[in-house]
Structures are given as C-alpha cells and as structure tokens.
Amino acid sequence: MAESLKNAKPLDFWINGKHVVDPNPDPEETLLSYIRTKLGLTGSKLGCGEGGCGACTVVSSTYSLDSAKVAYTSVNACLVPLCSVDGKHIITIEGIGSSSQPHPTQEVIARHHGSQCGFCTPGIVASLYTLTKNHPNPTEEEIEEAFDGNLCRCTGYRSIFKGAKTFAVDSPLSKVCARACAAGGECSSKSCIGDTPSGAGDVETCTGPSLLKAAKDIPFPEELIKRLQTEATSPTASSYVFANESIRWHHPSTLPELLSLMESNPHAKIVFGNTEIGIETKFKGVQYPIQISAVDIKELKNVVVRADNSGVEVGAGTTLSDFGTLLKAFIKEHGEQKTRGFKALLDNLKWFAGNQIRNVACIAGNIVTASPISDLNPVFVAMGAVLKVQSTKREREIPMKNFFLGYRKTALERSEVVVSIFLPFTGRDEYVRAFKQARRRDDDIAIVNAGLRVKLSHESDGTWKVSDACFSFGGMAPTTVQAKGAQEKIVGSQWGESLKERLVSWVGEDLHLPYNVPGGQAQYRRTLAMSFIQKFHIYITGIVGTLEEPLQSAVELSERPVSTGRQEYVATSKESTIQVGKEVMHIAAMKQVTGEAFYLDDIPRMANELYAVLVQSTVAHGKIKSIDASAALAHKGVRAFIAANDIPEYIHRKNHGHDPNLIGPGVKDEELFATEKVLHVGQMIGLIIAETEIIARKAVRLVTVQYETLEPILTIEDAIAASSYMPVTRTLNTGEFTTDSSGKVTDPVWTRDDPSSPKVPLAQAKHHVSGTMRMAAQEQFYLETNASLVYVKPEGDIEIFASTQHPTETQHMVAHVLGTPSNRVTVRVKRMGGGFGGKESRSVFLTCALAVASKKLNAPVRCMLTREEDMTISGMRHPFRGDYRVGFTEDGKLVSLELEIYSNAGYSMDLSLSILERAITHSDNTYYIPNVKILGRMCRTNLPTNTAFRGFGGPQGMHIAETYITHVADYLNKPVEEIRELNFYKTNQLTHFRQPLEDVYFDRVWTKLMDRSSFSSRRKEIALFNEKNAFKKRGIAAMPTKFGIAFTARWLNQAGSSVLVYTDGSVLVHHGGTTEMGQGLHTKMVQVAANALGIPVEKVYINETSTATVPNTSATAASASSDLNGMAVLDACQQIAERLKPYRAKNPTGTWEQIVSQAYMDRCDLSAHGFYKTPDLSYDWGTNSGRMYNYFVYGAAVTEVEIDCLTGDHVVLRSDIMMDIGQSLNPSIDVGQIEGAFAQGQGWTTIEEPLISPTTGVAWTRGPGAYKIPGFRDVPAEFNVYFVKESQNKRAIHSSKAIGEPPLFMGASVFYAIRDAIKAARRDQGLDGPFELFSPASSERIRLAVGDKNVDATKFSAEELKVKPWSAMA
Ligand SMILES: Cc1cc2nc3c(=O)[nH]c(=O)nc-3n(C[C@H](O)[C@H](O)[C@H](O)COP(=O)(O)OP(=O)(O)OC[C@H]3O[C@@H](n4cnc5c(N)ncnc54)[C@H](O)[C@@H]3O)c2cc1C
Ligand code: FES
Ligand code: FES
C-alpha cells in the first residue's frame, strides 16, 4: 500500500467552470451528495440513488488531447464516486443556464410545458444538453433515445419530446418558434406571428437550432487542459490515493500499477463504472475497504483487429456506450457476414440500461459481476468470445463458456484483472441472434435473455445440416447457462420445419425451473426460453429456406415509430385581458428547468441540524422481544435512538386514554413507533439520529431487534380465507336486490324511483356470466420521496417543512403526538416533487417521528426517505378483487350486477373506507344497470397501509366494470363496443347511488372519438394485419369513463383563501388547496386571481402553503382543488375588486398600481379572506339517498397495440383521448394532466406490478430497478388529445371541470386493447370464448394468455404447485 500513497493529493476537479480542491475527499461519498451538501448545488435531485430514474443526471466533460475536442457524457451523479471525478469538468444544471439566462434546452422544455412537479426536470435537461453538445443537429430518433435513462412520473412525456424536438433536424418543430410564441407568452423578438417566425430574422433567432447555435456554454477549463498536458508527459502522473477511516481509494494510471496493486491487495475491488459496486455498497451493506479505480487505464481500452483477421480484441475497460459505437463501426467496416455476433451484441446493448449507465459501465464490469441476467454474457458465450486476464504473475485466456462457475462465481482468481475480450468473426454459414424480454423495453434488466448461434453446412443434396451450435441463456439458472442437451442433439440434424418442435422441446427439457424459483415467473421464463429458440429457428429458416408471410412476424421486435401527437382545444387568446382559459406556462417552469426550484431537501442545512434514519421491522407479523440500539449509539456521531418512550409524557398520556403514539387519519389505529408488535415489513420501530446521513445510515445497521414471528396474512385471498377484514363494510343495493343481515336477498327495494331510470325485473336476465377481476397495487412513485424537516424551537413553537399534500393533517397529528395546541405548530410546503395521493396521509408519520426527535434533542431534524424506505412504508394504490355475476338480455342489455369487492387495506384503516366507497360508486362506469347489489370489504393484512393514489378507488371500480362488460360481449360473441353503447347511461338517469347524470356530454364524447379515431376502419385494418401475421397481433379498444367529483367525506368539500394586495400593486395569494405538486394548481389560482382583479398574471404570486395563513385545509386531493380553492380565491378577489370599484370609477384610466395606491391612501382594506363550500352534498349510505358527487367528468379513449405472441412484449401504437372537461382554466396544463394521468393508468394496467413474497411479506419491488413505471418510449407512439369544445359546467369555477384524476382510467384502454390482441392470438390457437386476464397485463400474463404449445408444455403439475411461489400479487 505504501508505494501507492506516494501520489496522495487533494481531490481536484472543475464544476461549472470553477475549480474545486478538496484536501479530504470521502471515498464513500457520491458526486451527488457532494455537490448538493458541500457545494450547495441542489439543482440535481435524488430520486432513487440507484441509477434508475435519472433525476441526478449531470454532464461529465472530458478533453481529448489527440483530437483537441471536448466529449460530453450524461452520468448518474448518485452512483458516481466523488473520488472518480478528479481531473474532470462536471456541468450541473446550474452550469447549463439560469432563469435569467436560460439555455435553449431549458427554455424549450419550460415553454412546451414539459415540467409539472419539476423534480425530474433538471436531469431531463442535462440529458438533452449532453445530446445537443455531442450532436448539434440531432434527429427525432436520437432525441427519443437520449432520454432512455430518465423517468418522469407527471407529464406522460409528450410535452418533453415536443420541446426537445424543436432541435430535431427532421422535425417540423425545428422550423417554428421555440420561444415565447410557442407557449403563449409574449414574443421575445416582437415580430413573430403565432408560432411561425414571420421572417428570416426570426428564423435566425427563434427556432430551436438557431437558439442552440447562439447559446453561450461554459468552456472547458483551460487550466484543466494544461493539467492534462502535464500528466500526459508522465505515465503515472495521475496515480493517487484517497482514504477515509474505512476505505482507501486508489487511482492507478497504468496496467502494471493496477496489477501490482492487485498483487499487494488481493482483497481489493476494482471499480469501474460503480454501477454494480455502488448498488452493493449502498443497498446491500457490502464493504470494500480497498477499491482500485480502473477508469483511466489506457491499456484496458485498446482495440485491435487480430492479425489473422479472426476477430477483434476489445479492451475490457471500454464503456458500454463506446462499445456500441465500436460495434457499429466494425459492422460497417467488416460487413454483415463476419459481424453477425457483433450485431447481436448491438441488439442487446440497445436495451441495456439507460444512457447514463452505459456511459460509465464497462464490459468487464458486466462480465465479472456474473449476473445471471447479464445482457452481454449470453451473447459472448454464444459467439465464442474469449477473455484475456492478467496478473503480475501470468497472463491467460478463458473462454467465456467456461467463465461462470456458480451464482456470482467466476474463474477469475484473486489479483487477476480482465484485460480484454476477443470477439470472433462469424463464418459464412454461421448465425447469431440475441433476444431479451424485460418488463419494460427501455432501461430494464432481463426476465430472460439469450444468445443463440448455429453453424450450418450446406449438403450436396441442397439441404442444410447443423455442424455446431451454442444456445446460451440468462435468467434460467444461477449463472448464464447453456442448453447443453439441445446443443449436442442438434449437431448433425437437418435444418427444416420438423426440427423446430424437437429443438423447442430439447431446450424446454434442458432449462427446467421449479415453481418457486427465486425471481418468480417460473412458467413464463421457461416459455420464453422455448419461444426464443422457436424465433431463432424461424429466423434461420428465413435465411436458408423460404418463410411463409405470417411466420415472418416471429423474427423481429415490433417497431415503435418516433412519437407524434395532436392536442386540440380552444384557448383564450394570449392578447386577451381575460386570464382564465389562457395557455399560461406553469408559474415555476423556468425555475424547474434551471434547478432553481426549491424542494424540501434543497433547504440549506441549519446550525446543529441532525439527520434521522428509520429503524424498520424486518418481519411482517411478530412480537418484538427486544430492541438493542447500544452498538449504534456507540458509533461516532450518533446522537440518539428515538422510540415511543421518547414521546412527551408517553406513559402518562397512554394510561389516561390518550395514547399519543396512536395516530391515523380518521381512525387512530396505527402506532407511530411499533412498541409490542410489528404488523408489516418496513414498519417504523424507531429512529437513529446522527450528525450526518452517512453516519445515521451506517449506525442503523447496528440496531438489533429480536422478534417472535407470527403467521402473516398478506394477500386478499389470505384475508378472505382467514376472514380478516376491517370492522366496517359497505353495501349498496338497488332494484330487486336487498338483503337481510345474513346477506340473503329479501323483498325488492327500488331505490331508483325516477321514470328515466327504468325498473327491470331480474327475471329479464336471460343470461348470466360470473367471474373475477383481480388487480395489483400501484406505487405512486413520486420522484421526490417523503421528506421532512422539523424544528421544535426552545420556546415550544414548532416549525415544520414537509413534503406533504396535507399540511393541516400534519399540523394536527404533530400537535396530538407532542401534546401541544395546533396554534403552536406551523407546517410549510413550498412545493413537492409529485404526490399523487401518496403524500396525503402517509407523509404525516415521518414528520411526527421527527417532531418527537426534535423535541427531545432540541435540534432541527431532517429526513428524506430513500426510495426503498419510501416504498416499504408509505403504502400504494389498493389491490382489488371483484367477484361479479352479471345478468343480461339476449342482445346484451345489462339487467343485474351482483358484486363483491375486496380491497387489500394493509395493516390499518387509513383512507381505505373512502377508497372503497369510490370503487363501489364507480363500478358501473358509464353503464346503467337497473338491479345492483354490492358488498365491499377491506381486507386487513400484514402489509404497509395502502392509501390514496390518483383516482382513489375509482379506477379499480371501473376496471371491474370493463371486465364484466367485456365478459358479456365475449359470451354473446359480439363486439364489446356494441355492448358498451347499448348500456350507456342516458341524460338524467340515476346511478346506482341515485344521483342523476345531468349534462351528460358522454354520448357526444363517444361518438366524436369513434369518428376522430377512425375506429371502424382501423378495426378492419387490424383484422387484416392479424390474418397476415401469425406471431404479432394487433388489438384495439374504445373505452369510456365517468368520474365523480367531490370528496366523499362531505366536510372536506370546503376551502379558504387569503388574498393580500400590496401598495406596489403586487398580489400575494394563499389558498386552502394547500400544495403545488406539479398539477399546476398555483398557476390556475394565479390566473383566477388575476382575472378577478383585472390584472396580468405576472402581478400575482403564491410563495408557499402554510397552516399559518389558511387554516383547516383539506388535502390537495380528489381532483377538487381547483374547484374549491378557485372559488375561495375568487371570493376573496371579488371582495377586494368590489372595494376598489369606487377608485376605479374615480380614475377610469388609472393603472392598477395607481388604483391600489389611491385605495391605500384612503385607508381601504386591501386584503381579504375567501371561503367556499360545495353546495348540496348530502349522500347517506344507510338509505342510499342524497347527492354523492358535485358533478361528473366524462371521457373516452381509443387505443391500438401490437403484441408479440411469443414473448408477451407489446407496443402502444396509438391512443386518442376525448375529454369533457368543461371550459378549461388552462388548456396546456389540462392537456398535461390528461397525458400524465393516462401514462399512470397505462403503467398501472401493464408494466407496473408490485410483488411481495407470499411467505415473508417482503416487497420484492422496492425501487426503479425492479418496479417499472412507463418510460419515454412506452407511451403511445401517436398520442392525440381532444377537448369537447361545447362542454359547460355550472357547478364549478368559470365553467371548468376537474382534471387530475378522471383521465387516469383512460390508460386502461391499453389493457383492453392488449386483451383484444390476445383474443386474436387465442383464436389462432383454437381458443375461442371468454378468458380471464388479471391486471396488470404484464408480458408474463400476455404470453401465458396466448396459450400455445409452449405454454402447455411448461405447465406445472398439481404436485409441483403445492409449494408457494416466490412472488405474489398482494
Ligand atoms: C440502473 C441500472 C441498470 C442496469 N441495467 C442493466 C441491464 O440492462 N443489463 C445488464 O446486463 N446489466 C445492467 N445493470 C448492471 C450493471 O450496469 C452492469 O453489470 C455493468 O456492466 C457493470 O459495469 P461497471 O463498470 O459499472 O462495474 P463496477 O460496478 O465498477 O464493477 C462490477 C464488477 O466488475 C469488476 N471489474 C470491473 N472491471 C474489472 C476488470 N477489468 N477486471 C476484473 N474485474 C473487474 C469489479 O471489481 C466488480 O466486481 C444495470 C445497473 C444499473 C445500476
Ligand atoms: S437519483 Fe440517480 S438515477 Fe435516480
Ligand atoms: S415533472 Fe417529471 S416527475 Fe414530475
């Protein structure tokens, strides 16, 4: 070690053009943590910490002395070790531009409404910036690819693409104004007309490409170039070492140095991209005390074509991005025949992680990790690649096929370094293909992948025989594995159709998986392996023989064209003085795109601030036998372990019947800190409080908790079997159904007594179908996790900054826990990085716990949950099960619905009752059913409490409705659209909860959309396509929605506001809509206020939400925030406007400022409090009477998809949405809400599947690595949104309608289109009639539902099914 220390020096790098020198860099720190906490550059965000979301993206720029050029790469700062940036120039969002001087990449995203909550936005801008720096003239396709390592949970991506494509040379958008005109703002050049530059001058200044050309970027630091020049003169000039107490980080610069370090430190770990090691050290608690960075070792990047022209040797330290570029160049240079293996590698690289990961991860990193699902290893093995490994003692070659010895075990010996990999060229009749199936196409690890190779010989009789083969698979064993039996048996076989079935079954026999195999999906994985080889056989047959047209569809992946879309609506003209209805840009957009927008964890650290980390339960159900925090407390820098006993006067208050440790919205049935029992994995038992986050996270691993484990109840089915329910049920009976207390049907009770709602006797139901719809949970996956900063001041006032949708609930609960009046607690929220319901009630827990710690330690305490903590504690959308029996007439008219609905509530009540109520009241969707009998139950299970998520039970109810209506259609063998139309509600008909549907624009929405989407002609085209394609099927679905607006808890339907006018004419608004989480609420409220006061929107400001300004607010939820708060703001503004009337009358030409000033001088009150409560709401469940909802929002969607019948993969080709949302307050924001909600609905019903262990209750899906939300290229390739122009709504502000939740269910049209495609595939297999498809329609469910020979061959026997599977839907 001593020799390596001789180069010890400070860490020395540049950031945004500024030199940073740190004498004591911490080798355990990431670049993200350093720039945020030490440099105060908080623009880059922490969304996951595991390279899976891109929120932390920054740009790393390097200078090549050879080419004298700067190269830019986007990287995930959350995984980049701080020590690895020595000698680099890092550009963060702050260096790209500021709101006063934005870079064009920032400007276009803001102006095209590409940010909502804005938490993902700096990372997205950084990716776009990187692309434009390397490719100043990108194509649309390159732009779409540039974002494959970024996620956004709010926008639905279309608007981001639109902004970015203003730079695309092949996009018409690059010809129109990218500036203010495009966004409805004032024209910056003052000469444009609309969005078309009016003359050559404007084209020069205002289009995306010209803005880019004119942009001023930070130059690469001259000083750094000089340093690089100096270092180039000595091979070891850049060798150094950094160390802290536990880790030593070496940075050798030559291969001999690396080898010698490995020799003297046999337990050292080579670090390259850190994308694997970073995950191990951060999330698995692995420690590598000696780490050796190999990133700057030139010898590991050598590329040589072998002298005998047999192939290429590529340096093992080549990054995957560079590897891709090299492969493309080799393919071009050496031709198709020799480079078939290279093409296969390239095919898999396309779907390997995201750009940011590929930019840093290297080939050796992927190989040596020995992951059983590595994307490259199966192809390396199949193509016969050979590794060159070296140590100080020897150099040797290891064929890839012999490299993997067991799970994560390789043939590499200690001290050996992988130097290069030899990639052989393919022979003339040798073919290689790669296959991969993942949950999501982009940036996802494989479920199964394969590298398949055959070598053929052409026989004299014209036939082809197999002379050699290698079939290598990932995801089918603990290592990359070969189907050895199949490989042997195939040699000598004649290629032909008859070989196919044998080959498929040989592979099936070779690759058996037990039902409970780790990773789950046993049958699917086996089916995939067999289907890959089937595809391969068809592919080769196409080359050596002839392939019938329908079979060709097996060969390639379904293509997703570059995306397009239309948005059609009417907006108030930008010149108008009417401010509502305008396309006003999100008021924080420029701050979001420049990283200036502040979120909770961006608040600068206070003096003495401490950090809290949760001690969480590791068992789902158990008695706590002991808790030992002594080792953690002994750790340097740890201040306390906080638990229930630390709550002020805990025992005393508990003994007097006011247990302060019991909290919960409505029913207080949850412990803040678990005391005697734990009821789910992840439950909070206590907190470790330390001086820094790093210390707290280390110390929390030292806390030991002993449990006596008890049997958990986890799934809905477990709960039904154990009758484990919450004490309340909900029933809703109308028509001939009513039941006595035992559930028996008694006399008819026609609760619907309106003549327009016909009473139809049950006897008219000639047919019945019954079935079950089961749907999974959905994680909110707001990009900003729950976070809080609490300071209990010495005099007792409590100041709280929280990322919460419910400041008032937070205030009340903290007051309850600490035993203090609410007037001593102030909760402040600036903005949130998304909420979607997940921060409505669950955010409160973290804040209450921090309040206890802060009170006890007399210091501010902060915590931002890791993604994993957040996902294991904060609950999700409720999983539901609907058991239905539907009666209907010969022609499909619905007569009756009997429905039992079960939700998985988790371990406590939370908001489950209201969610169940909404599910029950939406289980009709848009269909009139005369006789309805519903029983709703909430299952009590040992899971985190499930909670609100956009739609709040409504989508679950509608999903059940669409399932039974589809079932009826399948039973009658009629098109489902016909059955839908037949049963649509008519205006003024009563719902099953007896609310008349006034102002139904629904029929118009439907007919218009069917027309706009050319539904009928496309249906015919799809039938034709399906005839011509055996293995690809298309499906289409037209689907309606009806969504009730209002909180079902009546008292929540109220709001207050405060409007303050200052003497300079500026206006400050506070409203009870509490919080801005991306939905544009503040923007709309600013418009409402500006409109009411007759002033431009720029004069109105909303600084934050605080319980000290508007009291007793409801949560920002239920889509009703604009309705309620808009009215409250309007009320306050109207009061002020009324008071200003006399001054306006006196001075009709006076400016707003003059009027305000005159009023002030005249001692006129320039502030007002506004209030609003929704009238008429009065529903009573006991009598099924009264008004439940204020009004309804209607919509419809038509979606077309294509599925791959052999893999279960799907692409969404087109979606059209028509929404009846009244007169929009801000069409751009509303379009964004529709597109974002659609994407969430699409994710919920397709790729998002939270999975748990059915034995232990551990969640398998705890971060973006395993839980996939839709990415940029998942949303419809063509995405059209239309508003119903003539729609009015007398029951909400300015005739608008709520928009947050109603469109979410439209995303389920993807599910029903997939179902339609599966139906076509099943028909080919001779499987007609109804079939069951649970939600989400994952690739697994799609593949298995297709139901072919491979599926039959992989079915498990009854005996094999006796064990519990590895994973289950809760
Ligand atoms: C968000 C995310 C997405 C991912 N997606 C995919 C995916 O789609 N497909 C896939 O296959 N993988 C994926 N991975 C896994 C990972 O990115 C790859 O395995 C990657 O190639 C690792 O390379 P690295 O340079 O970052 O390795 P590191 O983490 O730096 O090192 C990994 C291992 O390789 C060893 N090592 C590195 N270089 C050498 C060398 N020259 N000689 C000997 N040992 C060496 C290290 O000691 C360590 O054991 C993903 C990871 C993340 C975080
Ligand atoms: S925070 Fe780095 S990728 Fe998510
Ligand atoms: S705007 Fe992208 S996550 Fe919110």
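Source: prediction; values computed, not measured. (Residues numbered from 1 in each chain as written. Chains lettered and ligands numbered in written order. Predicted model: local features only at pLDDT ≥ 70, side-chain atom pairs only at ≥ 80, totals over all residues. Heavy atoms only, no water.)

Visitor: Explain the site of ligand 1 residue by residue, including any values.
Guide: Close contacts around ligand 1 come from 31 residues, with Ile270, Phe272, Thr275, Glu276 and Asp375 the closest. Taking phenylalanine 272, its main chain carries an N or O atom lying 2.7 Å from an oxygen atom of ligand 1. Separating an oxygen atom of ligand 1 from a backbone N or O atom of aspartate 375 is a distance of 2.8 Å. Expressed as a share of its isolated accessible area of 980 Å², the protein-covered part of ligand 1 is 93%. Those elements that provide at least two residues to the shell around ligand 1 are strand S8 (269-271), helix H17 (363-369) and strand S16 (417-424). With five residues, H17 is the single largest residue contributor to the shell around ligand 1. Here the residues of the shell around ligand 1 are counted per class, giving 17 nonpolar, eight polar and six charged. (Near = heavy atom within 4 Å. Polar contact = N/O pair within 3.5 Å; in protein donor to acceptor, adjacent residues only side chain to side chain. Areas by Shrake-Rupley, 256 points an atom, 1.4 Å probe, with all protein chains shown as cover. Helix = DSSP H or I, 4+ residues; strand = E, 2+ residues; numbered from the N terminus. Nonpolar A, V, L, I, M, F, W, Y, C, P; charged D, E, K, R; others polar.)

Visitor: Give me the pairing of strand S34 (residues 825-829): which residues, what numbers.
Guide: Side chains Val825, Val827 and Val829 project from S34 onto a buried face, and the interleaved Thr826 and Arg828 project onto a face without burial. Note: strand S33 (residues 798-802) against S34, four bridges, orientation parallel. Note that in S34 the partner of phenylalanine 801 across the bridge is arginine 828. With respect to chirality, the unit in which S33 leads through helix H28 (residues 807-818) into the neighbouring parallel S34 is right-handed. (Buried < 20%, exposed > 50% of the residue type's maximum accessible area, 1.4 Å probe, protein only. Pairing = 2+ DSSP bridges. Right-handed = clockwise from strand over helix to strand, strands pointing away.)

Visitor: Which residues make up the environment of tryptophan 1366, and what are the values?
Guide: Structurally, the position occupied by tryptophan 1366 is in the segment after helix H42 (1349-1353). Note: C-alpha distance between tryptophan 1366 and alanine 1321 (45 residues apart in sequence) is 29 Å.

Visitor: How would you sum up the sheet that holds strand S41 (residues 1067-1071)? Please name residues and give values.
Guide: In space, the four strands of this open sheet follow the order S42-S41-S40-S44, with mixed pairing throughout. Looking at which strands have only one partner, the edges of the open sheet turn out to be strand S42 (1100-1101) and strand S44 (1167-1173). Where strand S40 (residues 1054-1061) lies against S44, seven bridges are found, and the strand directions are antiparallel. Among the inter-strand pairings, serine 1057 is bridged to a residue of S44, identified as glycine 1170. Of the strands in this sheet, S41 and S42 are in contact with helix H36 (residues 1081-1093), which crosses S41 at around 125 degrees. (Contact = heavy atoms within 4.5 Å. Axes fitted to C-alpha atoms, helices over the stretch in contact; angles between N-to-C directions.)

Visitor: So, the side chain of arginine 526: which residues are in play, and what are the values?
Guide: Within the secondary structure layout, arginine 526 lies in helix H21 (residues 522-544). Among buried Asp, Glu, Lys and Arg side chains, arginine 526 stands out as unpaired, with glutamate 1360 the closest opposite charge at 6.2 Å. In this view, arginine 526 contacts Met476, Gly508, Leu511, His512, Leu513, Ala1353 and Thr1354; residues no more than four positions away in its chain are not counted. (Lys, Arg positive; Asp, Glu negative; His and termini not counted. Salt bridge = Lys/Arg side-chain N within 4 Å of Asp/Glu carboxyl O.)

Keep in mind these values describe shape, not function.
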